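Residues per chain, in single letters:
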Amino acid sequence: MNNNLWVWGYVLDKVPGPMMFVDHETHCSLETGAAYLGADNVVFMDSTTNLANLNDDLFQYVSGCKQVVCGLEHGRYAESAAAVSEFSLTHPNVLGAIVDDFRCIGGPSDDMQPSELREVYQALKSKNPALQLYLVRYSHQDQRELVPFLDYFDVINYWVWASSDHYWRSQYQEDVRYLRKLYGKPLLQGVFMHNYGEHTDAPIPMDMLELQVEKIAEQLLLQRLSGWVILQNGWFCHRSHRPQMQWLKAYLD
């Protein structure tokens, strides 16, 4: 069995240490965060920072996870995908790879064309055809733009960058239905523990976390989602985020 819960983040090469997209040093490495929440699976983003991080020195810490999706380095997507394919032959818990922020305006893949994603897709499956390609998408993006790409990815990891009460109560359920119909692909729902969307140095407000987790759980029970992803472990040990983390752990338990 697999509980279909994922933690997104980074393995620390030393504890405590700095981490991408976290303002202060953290004591919580990726494997520690996954163990705390009881997540069977992780999104290993160290390889997004630098493909050279796809190595046994770092990966050994997530070798006990049931499934691992590896981030593809921006600007080197096809090369990274080929490396993940090769790596998976000796690391059987590698499920696939993910392109973060796919076609976000101003981002590294903002103008990627279907032929380019096809190259990434083929590179990922070159040594291991069972691997899956994941794309990160946000609720504010035009989801129809992915129709020409449908043959070249396997899973969508869906995120709401700036949450609102109205969205989660009135729009979220319809968006999940729409995405399932439009893509015909599995959906993983993302949950931010840090309030990146409002550019604050604070966690997601407790009432907003409770609301979205309840709505996501409803969709999981209806089998409209294939899992959810908690981002990211670097914040798990911060005092400012502890009430949210403790509430989430109790809910998951």
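First, a word on scope: everything that follows refers to the structure included in this document. Computed from a predicted structure; not experimentally measured.

Comments concerning the overall build of the protein chain
Helix and strand counts for the protein chain stand at 8 helices and 8 strands. In summary, the protein chain has a C-alpha radius of gyration of 17 Å against a globular reference of 18 Å for 253 residues, a match within 12%. For the protein chain, the C-alpha atoms occupy an extent of roughly 45 × 40 × 40 Å along the three principal directions. With 253 residues in all, the protein chain has 55% of them scored as buried. A separation threshold of at least 6 residues defines the contact pool for the protein chain, and within that pool the share at least 24 residues apart is 71%. Counting only carbon and sulfur atoms, one obtains 50% of the accessible surface of the protein chain, whose full area is about 11,400 Å². Side chains of the protein chain carry 19 positive and 31 negative charges; the gap between the two charge centres is 7 Å.

Section: unusual backbone geometry
Cis geometry is adopted by the peptide bond preceding Pro-16, which originates at Val-15 and carries an omega value of -5°. Mapping Pro-16 onto the fold places it in the loop between strand 1 (5–9) and helix 1 (30–37). Across the junction of Leu-231 and Gln-232, the peptide omega takes the value -20°, indicating a cis bond. In this model, Arg-103 sits at a positive phi of 55°, which is unusual for a non-glycine residue.

A word on the sheet that holds strand 3 (residues 67–71)
Sheet strands pair by backbone hydrogen bonding; their relative direction is either parallel or antiparallel. The 8 strands lie next to each other as 1-2-3-4-5-6-7-8, forming a closed barrel whose pairing is parallel. Here the average twist between neighbouring strands, direction ignored, is 25°. The pairing of strand 7 (residues 187–192) with strand 8 (residues 227–231) spans 5 bridges and is parallel. Opposite Phe-192, over in strand 8, you have Leu-231 as the bridge partner.

Considerations on the pattern of salt bridges
All told, the structure shown has 10 salt bridges when counted by the stated rule. In this structure, the salt-bridge partner of Asp-40 is Lys-66, at a minimum N-O distance of 3.6 Å. Of this pair, Asp-40 sits in the loop between helix 1 and strand 2 (41–44) while Lys-66 sits in the loop between helix 3 (56–59) and strand 3; the two residues are 26 residues apart in sequence, bridging distant segments of the chain. You can call Asp-40 buried: its relative accessible area is 18%. Overall, Lys-66 belongs to the partly exposed group, its relative accessible area being 45%. Where Glu-145 meets Arg-103, a salt bridge forms, and the shortest distance between an N and an O atom there is 3.6 Å. Of the two residues, Glu-145 is situated in the loop between strand 5 (132–138) and strand 6 (155–159) and Arg-103 in the loop between strand 4 (94–99) and helix 5 (114–124); the sequence distance between them amounts to 42 residues.

Here's the deal with the environment of Leu-37
Relative to the elements of secondary structure, Leu-37 occurs in helix 1. A C-alpha to C-alpha distance of 9.3 Å links Leu-37 and Ile-230, two positions 193 residues apart in sequence. If we skip the residues at most four places from it in the chain, Leu-37 touches Leu-5, Val-7, Ile-230, Phe-236, Met-245, Leu-248, Lys-249 and Leu-252.

Remarks on helix 6 (residues 165–183)
If you check helix 6, its first and last C-alpha atoms are 26 Å apart, about what 19 residues at 1.5 Å a residue would give, namely 27 Å. At Gln-171, helix 6 is bent by approximately 55°, the largest bend along its length. Taken residue by residue, helix 6 has Tyr-167, Trp-168, Tyr-172, Asp-175, Val-176, Leu-179 and Tyr-183 as its buried positions. Packing partners of the buried residues in helix 6 comprise strand 5, strand 6, strand 7 and helix 7 (206–221). Trailing helix 6 by a residue or two, Gly-184 shows a phi angle of about 65°, which is positive.

What counts, and where the lines are drawn
- Residues numbered from 1 in each chain as written.
- Predicted model: local features only at pLDDT ≥ 70, side-chain atom pairs only at ≥ 80, totals over all residues.
- Heavy atoms only, no water.
- Helix = DSSP H or I, 4+ residues; strand = E, 2+ residues; numbered from the N terminus.
- Rg over C-alpha atoms; globule rule 2.2 N^0.38 Å.
- Buried < 20%, exposed > 50% of the residue type's maximum accessible area, 1.4 Å probe, protein only.
- Contact = heavy atoms within 4.5 Å.
- Areas by Shrake-Rupley, 256 points an atom, 1.4 Å probe, with all protein chains shown as cover.
- Lys, Arg positive; Asp, Glu negative; His and termini not counted.
- Charge placed at Lys NZ, Arg CZ, Asp CG, Glu CD.
- Pairing = 2+ DSSP bridges.
- Axes fitted to C-alpha atoms, helices over the stretch in contact; angles between N-to-C directions.
- Salt bridge = Lys/Arg side-chain N within 4 Å of Asp/Glu carboxyl O.
- Expected span 1.5 Å × (residues − 1).
- Bend = angle between axes of the 7 residues up to and from the residue.

Don't take any of this as a statement about function, it's just geometry.
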